[in-house]
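# Coordinate analysis (summary)
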Amino acid sequence: MKMTGRKNTGSASVPLLVLLSLGFCFATYNLLTILMRNIAIMRSVVDDSNRKLLSDPILEMRDNMQKQKTSGSPFHVALTATDAPYSKWQSRIMYYWYKKKKDLPGSEMGGFTRILHSGNPDNLMDEIPTIVVDSLPAGLDRGYIVLNRPWAFVQWLEKATIEEEYILMAEPDHIFVNPLPNLADGGYPAAFPFFYIKPAENENIIRKFFPEENGPVTKVDPIGNSPVIIKKDLLEKIAPTWMNVSLRMKDDSETDKAFGWVLEMYAYAVASALHGVKHILRKDFMLQPPWDFQTGKRFILHYTYGCDYNLKGELTYGKIGEWRFDKRSYLRGPPPRNLSLPPPGVPESVVTLVKMVNEATANIPNWDTE
């Protein structure tokens, strides 16, 4: 009986095992089917998200600079300046190269205005198209002269008749090295990204002026107001906010200490974000010697940094070189004509800068008198 019982138990287990195996296979099949269906759905969602990201105009134009999207519309060049000798000689060089590049193929530069925010006409009124606006009330800028820039734009936009739909905000130490097209795209202004404007790293300060209800701090672009090509109607909205944010930042001691001489740049970036304006970031907009070595296909040369080299052509930044060009060497008057060229080995961008300064000074009448 014991032998029989074992035999019955063994024979009964075979169909049970078959049944269990079939059930396991069926369950595995269903599980795999569900997983494959979910993976397909997830892939579809991801692909759809990627399509949305790739079609986003800001991301597309930031990451696909080789497409060189431009608006095709002319823009007005607006240069903010003072009547100080330092500002005057730079403005004259800037205007010289504007005239040289304006009508070349690829240029979409329209009219030109020097917005003189010293409050009174000066001796360049007949040489450079100029409109005079008021400076801030005495003491309000606290020695921070560029705080007058947003206030200058507010006044100019209110009183001037500007034919072009777009505006380039420019500075005296800009030289047009190539004909500049309109890099903006409709409601998306074009701007140069500055490596030292870091909203995310200064979030605690940025939040004083861009509260959390306005969205993530990444909405604040790493830019200043110049160079920027922007639609006139957008700038009319942003400029008063830019002015107010600048003054508020200057009044806040923590912000003033943290941002220093780039405070007004941060103010423009925050003001734009408050109006929901995002910029197309164009690294080809500008080069800055001595850190950028080649002019290439960039459009504006910005000579804000000193260029110091030894006679071997080696950079000695932070130490006065055996050869140097630094705009701050000429605070009280213009540089002389025919500056010496850099020694061999110095980057092409620096050589180009000196050659362009020399050409301008050789052709601008009465250069040494200003």
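Cut-offs used in this document
- Residues numbered from 1 in each chain as written.
- Predicted model: local features only at pLDDT ≥ 70, side-chain atom pairs only at ≥ 80, totals over all residues.
- Heavy atoms only, no water.
- Helix = DSSP H or I, 4+ residues; strand = E, 2+ residues; numbered from the N terminus.
- Buried < 20%, exposed > 50% of the residue type's maximum accessible area, 1.4 Å probe, protein only.
- Contact = heavy atoms within 4.5 Å.
- Areas by Shrake-Rupley, 256 points an atom, 1.4 Å probe, with all protein chains shown as cover.
- Patch = residues over 30% accessible without salt bridge, like charges linked within 9 Å, V, L, I, M, F, W, Y side chains within 5 Å.
- Salt bridge = Lys/Arg side-chain N within 4 Å of Asp/Glu carboxyl O.
- Pairing = 2+ DSSP bridges.
- Right-handed = clockwise from strand over helix to strand, strands pointing away.
- Axes fitted to C-alpha atoms, helices over the stretch in contact; angles between N-to-C directions.
- Expected span 1.5 Å × (residues − 1).
- Core = buried A, V, L, I, M, F, W, Y, C linked by side-chain atoms within 4.5 Å.
- Lys, Arg positive; Asp, Glu negative; His and termini not counted.
- Polar contact = N/O pair within 3.5 Å; in protein donor to acceptor, adjacent residues only side chain to side chain.
- Parallel < 35°, antiparallel > 145°, perpendicular 65-115°, else oblique.
- Left-handed = near helix turned anticlockwise from the far one by under 90°.
- Nonpolar A, V, L, I, M, F, W, Y, C, P; charged D, E, K, R; others polar.

A word on the overall build of the chain. Helix and strand counts for the chain stand at 9 helices and 12 strands. Within the span of the chain, comprising 370 residues, buried residues form 49% of the whole. Nonlocal contacts in the chain, meaning residues at least 24 apart in sequence, comprise 71% of its contacts between residues at least 6 apart. Of the roughly 18,800 Å² that the chain leaves accessible, carbon and sulfur atoms contribute 57%.

A few words on a nonpolar patch on the surface. Residues Trp291, Leu315 and Tyr317 make up a contiguous nonpolar surface patch of about 300 Å² in total accessible area. Secondary-structure assignment places Leu315 in the loop between strand E11 (307–309) and strand E12 (323–325). With a relative accessible area of 36%, Leu315 lands in the partly exposed category.

A separate point is the pairing of strand E2 (residues 109–116). Burial analysis of E2 places 7 of its 8 residues in the buried class, the great majority of the element. Of the strand pairs in this sheet, strand E1 (residues 75–81) and E2 are connected by 6 bridges, and their pairing is parallel. When the sheet's bridge partners are listed, Val77 is paired in E2 with Phe112. Handedness of the β-α-β unit built from E1, helix H3 (residues 85–101) and E2 comes out right-handed. In this structure, E2 lies alongside strand E3 (residues 130–132), joined through 3 bridges in parallel fashion.

Regular strands place side chains that alternate from one sheet face to the opposite one. Most of E1 sits out of view: 7 of its 7 residues are buried. By the alternation rule, side chains of E1 split into Phe75, Val77, Leu79 and Ala81 and His76, Ala78 and Thr80, which are all buried.

This part covers the sheet that holds strand E5 (residues 174–176). Overall, mixed pairing links the 3 strands, which are arranged E5-E10-E9 in an open sheet. Since the sheet does not close on itself, it has two edges, and those belong to E5 and strand E9 (286–287), each with one partner. As defined by bridge partners, E5 adjoins strand E10 (residues 300–302) across 3 bridges and the pair is classed as antiparallel. Within the sheet, the bridge partner assigned to His174 lies in E10 and is His302. The strands touched by helix H9 (residues 348–363) are E5, E9 and E10; relative to E5, the strand with the most contacts, the crossing angle is about 90°.

The mixed open sheet is built from 7 strands, whose spatial order is E3-E2-E1-E4-E7-E6-E8. Edge positions in the sheet fall to E3 and strand E8 (280–281), since each has one partner strand and no second. In the packing of H3 onto the sheet, the strands contacted are E1, E2 and strand E4 (166–170), and the crossing angle to E2 comes to about 170°.

Right, let's talk about H9 for a bit. With 16 residues, H9 should cover 22 Å at 1.5 Å per step; its first-to-last C-alpha distance of 23 Å lies within 8% of that length. Residues Ser349, Val350, Thr352, Leu353, Val354, Met356, Val357, Asn358, Ala360 and Thr361 constitute the buried set of H9. The elements touched by buried residues of H9 are H3, E5, E9, E10, E11 and E12.

The subject of this paragraph is the nonpolar core. Within the largest apolar cluster, 71 residues are counted, with the highest numbers of intra-cluster contacts made by Val77, Leu180 and Phe285. Here the element with the most residues in this core is helix H8 (residues 263–274); it accounts for 9 residues. Non-local contacts of Val77, meaning those with residues more than four positions away in its chain, are made with Met94, Tyr98, Met109, Gly111, Phe112, Thr113, Leu168, Ala170 and Phe176. Formed by 24 residues, the second largest nonpolar core is a distinct cluster that contains Tyr303, Cys307, Tyr330 and Val346.

Turning to the side chain of Glu164, a few remarks are in order. Looking at the element boundaries, Glu164 is found in the loop between helix H4 (148–159) and E4. For the buried Glu164, which has no salt bridge, the nearest side chain bearing the opposite charge is Lys232, at an N-O separation of 6.9 Å. Reaching out from Glu164, the side chain makes a polar contact with the backbone nitrogen of Gly111 at a distance of 2.8 Å.

Now for the packing of helix H6 (residues 232–251) against H8. The N-to-C vectors of H6 and H8 enclose an angle of 130°; their axes lie 8 Å apart at closest approach. Our classification of the angle between H6 and H8 gives oblique. The chirality of how H6 crosses H8 is right-handed. Contact with H6, carried on its side by Ile238, Thr241, Trp242, Val245, Ser246, Met249 and Lys250, involves Leu263, Glu264, Tyr266, Ala267, Tyr268, Val270, Ala271, Ser272 and Leu274 of H8 and no other residues of that element. In the contact of H6 with H8, the residues fall into 11 nonpolar, 3 polar and 2 charged.

Just geometry here; none of it tells us what the structure is for.
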